[in-house]
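# What the coordinates show
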Amino acid sequence: MRPLALACAGALLSMAASAQQAADAAQGEAAQVVVTGSVRERVAAEVPYAIGVVTREELRAAGPMINLSEALARVPGLVVNNRNNYAQDLQISSRGFGSRATFGVRGLRLYSDGIPATMPDGQGQVSHFDLAGASRIEVLRGPFSVLYGNSSGGVIALFSSPVRERQGEVGLDVGSDGLRQLRASVETPLGEGFDLRVSGSTMEFDGYRPQMEAKRHTANVRLGWQGASDRVVVQAGYFNQPAQDPLGLKREEFAANPYGTTSDTVPGRTGVQPLPASYDTRKNAEQSQVGASWKHSFGDDSVVRETQLAAYTGRRSVTQWQSIPPSTQRSSTRQSGGVVDFDREYHGMDARVRWNFGDVDLLTGASYETQGDDRRGYENFLGDPANPTALGVTGLQRRDERNRATTHDAYAQLDWQINPALTASAGVRSGRVTLTTSDRYPVQAGCAANPNSGTLNCDDSGDLAFNYTNPVLGLRWQALPSLQLHASAARGFESPTLTELAYRRSGEGAGFNTALKPQTSRQFEIGAKWRANPWSVDATLFRADVDDEIGVDSNRGGRATYQNVGRTRRQGAELSASFQPAAAWRAQLGLTYLDAAYRDAFTTCTTVLPCNPVTGQNTAQVAAGNRIAGTQRTSAFGEVAWRDAALGEWALEARALGRTAVNDLNSDFADGYVITSLRWIKSWPLGGGRKVELLARVDSLADKVYAGSVIVNEGNARYFETGAPRSFLLGVRVYGGF
């Protein structure tokens, strides 16, 4: 990487020198203020790390504002794939962190207005994010993300728009594959410092594959109060989403009919049957939460500049019906069934103080987060496993336990203005993660016959606790008025999630996986930010060396087990550039190269059962140098837009993704692809301060067949999730004062 770093730095210095006179005071970029990773609000071009900002305008033009995947493709280093399967959420990774997730989001920290969407154990989801009410989304990659604690391989933070005037909005979106969405919001100052925003939406999607239908209903309320030195915000949100699950496709199924379904034998039925319809695979999710924050300012003449206290509480309930065969569920007393059912309570608080000592800004704080899951499992059939009377139902109970995860953290971060051109940033976060499972399922006769147990003790309870300290150090040098260089280094930490700890490895008995250790990383980054009208360029080189990487041991029969697979390395380069030669024209480019590979060989289970790594039965060797499952070598985004007052804005977008490894063995890959889209957006005044805005999009112009995402290490080899075919969207939005 050293020659590449020197080459990039030399090229940027040369470009900056030639454009020195053109740069002057206006440096070609609107002031994008960010707070993620900073002691205080800073302009994005001045922070010593790689960060991407997606603006409100970019969110509104990218689609119906349902999924983060619509707009975040423009951020280099970040991969956000839309599974078009609302039962499994998006597939998100940052510089390869999080790529192992088969559902939800792992390895990243997610925030919506300061409230974590990542639980204390590291598992998160983004389906409840209110994109229509967002003013911006900040994406932090690299070493400074470790200041957010456990599982912080990257940070995605949404910030809602402030309430400034009395106005409302009604939006209607209609698109291909039965997409229908109605949104409404109203916001107003209430007087005496109070303001209020209320919003809601309802969405329906039929899908382009069998068993793909989904619905989503949301409601959000935000009440604020602004005093002379204080700001208080109280917000509440509700989310409800019933969704069918189309399941993934095997390679031969994807090749024969990418918009079809996966099939297999089904007990009690003749011949091969479609699995999603036979088992009625689906998931119901519901979430409600309330949060409040209080910020107090002491003034610029005080050593203590600002204090902030935030607290939140919420509840999430999920029931999911899977396609696990009845015979598998009855094969062992340890089997937890084919229906996942849990109720989660989560709470947290964060207190921080910002200090100023002349050239030094200091932030100190402490946080507490906890989650408690009442987790149950049921059979997905009634009657005899060989000839069931019903499938896709909730049958006999197979699991009953209480899971808990708790974190306690203390942190400090400072910015030191050494001289006008040089700034140092440093921080440390120290915490403790406690993970416990209390098995409440009654002891059953016949437990000793369990081949994975060999003991009469059927108690799967267990607990683990991990301590960590993550330091980070960064330097920013204003080499030229138009050029900033930065470098940073940090140590990171990621604990196993409760799901990953649920079962021991194959062949090691049953119960809580006390052998699984957290993975730790050493992260490094160097970069440059160049601003010279009409150019804006960010370039970054990075490396992350991980010890005790958490990987899949086996994934069959609805039970996934995990292991530590040794050392891995993620390294590469990112480039983000924008060009606006005239007011009417602009272009944007994002490029990523990522080499994410295992540095040690390890053993994993094949798709054949039973598997026993201790004896070597039905196992395979993952070679050192194999690509980490779910990662791609290359990704890119490009956009060219032209705006005219009379004709609106027209833009051509392109997104490219390289080949994706579907498993650790690298026995198959999802092919790379390039998808192009065309959009048009225009608004007209209606009088009285109101406007109507039309958005029209055509996505996947070439109607390309491709795997939009993969289910990594899927035990039945159903890796492939087909991307959307050519689709059309028309959005009508009426907004303004009332």
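Because the structure is predicted, anything quoted here is derived from the model rather than measured.

### Description of the pattern of salt bridges
The tally for this structure, following the rule as stated, stands at 56 salt bridges. Its salt-bridge partner being E169, residue R183 comes within 3.8 Å of it at the nearest N-O pair. Within this pair, whereas R183 is found in strand 13 (residues 179-191), its partner E169 is found in strand 12 (residues 167-175), the two being separated by 14 residues in sequence. An identical accessibility class is assigned to R183 and E169; each is buried. The salt bridge involving R569 is made with D545; its shortest N-O contact spans 2.6 Å. With R569 in strand 33 (residues 568-582) and D545 in strand 30 (residues 535-547), this pair connects stretches of sequence that are 24 residues apart. Using a relative accessible area of 22% as the deciding quantity, one classes R569 as partly exposed. A network of salt bridges, in which partner residues are shared, links E58, R74, R586, E639, R643, E649, E653, R679, R697 and D699.

### Section: the sheet that holds strand 8 (residues 115-116)
With mixed pairing, the five strands of this open sheet are ordered in space as 3-10-11-7-8. The open sheet terminates on both sides in strands that have one partner only, identified here as strand 3 (51-55) and strand 8. Where strand 3 and strand 10 (residues 134-141) come together, five bridges link them in antiparallel fashion. Within the sheet, the bridge partner assigned to I51 lies in strand 10 and is L140.

### As for the nonpolar core
L68, L72, L78, I92, F129, I137 and I156 are the most contacted members of the largest nonpolar core, which totals 25 residues. Contributions of two or more residues to this core are made by helix 3 (56-62), strand 4 (78-81), strand 10 and strand 11 (154-160). Top element by residues in this core is strand 10. It accounts for three residues. If near-sequence neighbours (up to four positions away) are discounted, I137 is found in contact with G52, V53, V54, L59, L68, L72, L131, I156, A157 and L158.

### So, unusual backbone geometry
Most peptide bonds take the trans configuration, and most residues that are not glycine carry a negative phi. Here the bond from N533 into P534 is cis, since omega is 15°, no more than 30 degrees from zero. Looking at the element boundaries, P534 is found in the loop between strand 29 (519-532) and strand 30. Even without being a glycine, N666 presents a positive backbone phi close to 55°. Within the secondary structure, N666 sits in the loop between strand 39 (660-661) and strand 40 (669-670).

### Notes on the side chain of Q563
Secondary-structure assignment places Q563 in strand 32 (residues 559-564). For Q563, a relative accessible area of 6% translates into the label buried. Within polar-contact distance, the side chain of Q563 engages the backbone oxygen of V552 at 3.3 Å. Residues within four places of Q563 in sequence aside, it is in contact with R505, L516, E549, I550, G551, V552, D553, F602, T603 and T604.

### Some thoughts on the pairing of strand 13
As paired elements, strand 12 and strand 13 share nine bridges and run antiparallel to each other. Bridging from a neighbouring strand, G171 pairs with R183 of strand 13. Between strand 12 and strand 13, which follow one another and run antiparallel, lie three residues, and D177 among them has a positive phi close to 60°. Both strand 13 and strand 14 (residues 194-205) contribute to a ladder of eleven bridges, which runs antiparallel. Looking across to strand 14, one finds that R183 is bridged to S201. Taking the residues that link successive antiparallel strands as the turn, the strand 13-strand 14 hairpin has two residues, and the phi of E192 there is positive, at about 55°.

### Here we look at the packing of aromatic side chains
Geometrically, a pair of aromatic rings is defined through the distance of the ring centres and the angle of the planes. For the coordinates displayed, the defined rule picks out 16 aromatic pairs. Taken together, a centroid distance of 6.2 Å and an interplanar angle of 85° make the contact between Y719 and F720 edge-to-face. Taking the relative accessible area as the measure of exposure, Y719 reaches 8% and is therefore buried. Sitting over the face of the ring of Y735, R60 holds its NZ or CZ atom 5.4 Å from the ring centroid. When the ring centre of F159 is taken as reference, the NZ or CZ atom of R136 above it lies at 4.2 Å.

### Digging into the confidence of the model for the chain
When pLDDT is averaged across the chain, the result is 90; 92% of the residues are at 70 or more. The model gives residues 1-30 a pLDDT under 50, and that stretch makes 39 contacts with residues more than four places away or in other chains. Every residue in residues 448-456 scores below 50 in pLDDT, and together they form 15 contacts with partners more than four places removed in sequence or on other chains.

### Quick notes on the environment of W416
Following the sequence through the fold, W416 ends up in strand 25 (residues 397-419). Expressed as a C-alpha distance, the spacing of W416 and D359, which sit 57 residues apart in the sequence, is 5.7 Å. Contact partners of W416, with chain neighbours within four places excluded, come to D359, V360, L422, T423 and A424.

Definitions and cut-offs
Residues numbered from 1 in each chain as written. Predicted model: local features only at pLDDT ≥ 70, side-chain atom pairs only at ≥ 80, totals over all residues. Heavy atoms only, no water. Salt bridge = Lys/Arg side-chain N within 4 Å of Asp/Glu carboxyl O. Helix = DSSP H or I, 4+ residues; strand = E, 2+ residues; numbered from the N terminus. Buried < 20%, exposed > 50% of the residue type's maximum accessible area, 1.4 Å probe, protein only. Pairing = 2+ DSSP bridges. Core = buried A, V, L, I, M, F, W, Y, C linked by side-chain atoms within 4.5 Å. Contact = heavy atoms within 4.5 Å. Polar contact = N/O pair within 3.5 Å; in protein donor to acceptor, adjacent residues only side chain to side chain. Phe/Tyr/Trp six-rings, centres within 6.5 Å; stacked < 30°, edge-to-face > 60°. Lys NZ or Arg CZ within 6 Å of the ring centre and 35° of its normal. pLDDT = per-residue confidence, 0-100.

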